[in-house]
Structures are given as structure tokens and as C-alpha cells.
Amino acid sequence: MSSMISTLLSGSDPLISMANMCPVLSTPIDWKETPESHVFIADLPGLSKDEVKVEINDGRILQISGERKAEAAAAAADGGEKWHRVERNRGDFCRRFRLPENAKTDEIKASMENGVLTVTIPKLELKKPMKKVIEIEEK
């Protein structure tokens, strides 16, 4: 068991290494539906709202994208620092979600607080079936 833990901590596990190198896998986004809206919550630690883009493509595709800057490369160029381990993901990320028909894509709101992006998409009100009573005539 201890060899398994040391393997995980050393970063030599290929699945963990692959997840750490893939910005898409390390950009967790939750999607919940409330009676009034669809809400997307993305953990984007260290990013500001200027580094994140929220778009609607093709009328129904929500796209959340951005870039995590590579500090290690910039520091190496300066020659002033030596990095011993770089595990936090860097580079571009892009996540796409196909929205359901009831999403009001023209009323989307997005906010960001403490590295957490929240995108709220109101839902269309479903029309209740109209009920009409027909009087029966006597002949």
C-alpha cells in the first residue's frame, strides 16, 4: 500500500500525469438545473475574469475558454529562478456544452468570484396546454 501512495505522490502514475498535463481534464465544471435556470460553475483558480471567455456558438453551444499562463517558462527566460516541479496545468482550455432547447441564450449572465466562474442561463417558460371547453349543442 505504501508503494502505491509513494507512486501517486511522486507523480509517476501515468493517469495522474496525463490528467495534470491536460487543461481540459483539470478544468472541472458542474452543471445544475433549477426550476428557473441552468447554472454552470467552473473552478478556475488563479484566473481573472479578463483571462476567461464565455460564448454561445451555433445558438446552443456554451463555450467556456481561457488560458493559464506558464510562469515557469517566463521565469526560465529571466534566468533568475529554478523550478523543481511544475504540476499545475498551464495553457489553453476550452469546455463546450450543448444546451437544451429550453435555454434562453439571449439572457445569459456570468460572474466570477474568488476563481469560481458562475454562468446562469434562464429557462424558457413552458407554455401550459390550453384547455378549452366545447359546448355540446342539442339538435
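Cut-offs and rules
Residues numbered from 1 in each chain as written. Predicted model: local features only at pLDDT ≥ 70, side-chain atom pairs only at ≥ 80, totals over all residues. Heavy atoms only, no water. Helix = DSSP H or I, 4+ residues; strand = E, 2+ residues; numbered from the N terminus. Buried < 20%, exposed > 50% of the residue type's maximum accessible area, 1.4 Å probe, protein only. Contact = heavy atoms within 4.5 Å. Areas by Shrake-Rupley, 256 points an atom, 1.4 Å probe, with all protein chains shown as cover. pLDDT = per-residue confidence, 0-100. Core = buried A, V, L, I, M, F, W, Y, C linked by side-chain atoms within 4.5 Å.

S.K.: Could you clarify how one ought to interpret the overall build of the chain in this entry?
M.R.: Within the chain one finds three helices and seven strands. In sequence order, the secondary structure elements of the chain are arranged as α-α-β-β-β-β-α-β-β-β. Counting every position in the chain, which comprises 139 residues, the buried fraction comes to 22%. A sequence separation of at least 24 residues applies to 58% of the contacts in the chain between residues at least 6 apart. Element-wise, carbon and sulfur atoms account for 54% of the exposed surface of the chain, whose accessible area totals about 10800 Å².

S.K.: Hey, could you run me through the confidence of the model for the chain in this one?
M.R.: Parts of the prediction with low pLDDT should not have their coordinates interpreted in detail. Per-residue pLDDT for the chain averages 80, and the proportion of residues at 70 or more is 75%. Per-residue pLDDT stays below 50 along residues 1-13; that stretch engages in nine contacts with residues further than four places along the chain or on separate chains.

S.K.: What exactly am I supposed to notice about the nonpolar core here?
M.R.: In summary, soluble globular proteins display a tendency toward joint burial of nonpolar side chains. Judged by nonpolar contacts, the single largest core of 15 residues is most densely connected at Phe40, Leu44, Leu62, Ile64, Leu117, Val119 and Ile121. Secondary-structure elements contributing two or more residues to this core are strand E2 (37-43), strand E4 (61-68), strand E5 (91-98) and strand E7 (116-122). A total of three residues in this core trace back to one element, the largest contributor, which is E7. Contacts of Val119, omitting those with residues within four sequence positions, involve His38, Val39, Phe40, Val54, Leu62, Ile64, Ile108, Lys109 and Ala110.

S.K.: How should unusual backbone geometry be read in this particular structure?
M.R.: The bulk of non-glycine residues show a negative phi, and the bulk of peptide bonds are trans. Of note in this structure, Asp58 is not a glycine but carries a positive phi near 55 degrees. Within the element layout of this structure, Asp58 appears in the loop between strand E3 (52-57) and E4. Unusually for a residue other than glycine, Asn114 sits at a positive phi of about 50 degrees. Taking relative accessible area as the criterion, Asn114 reaches 76% and is therefore assigned exposed.

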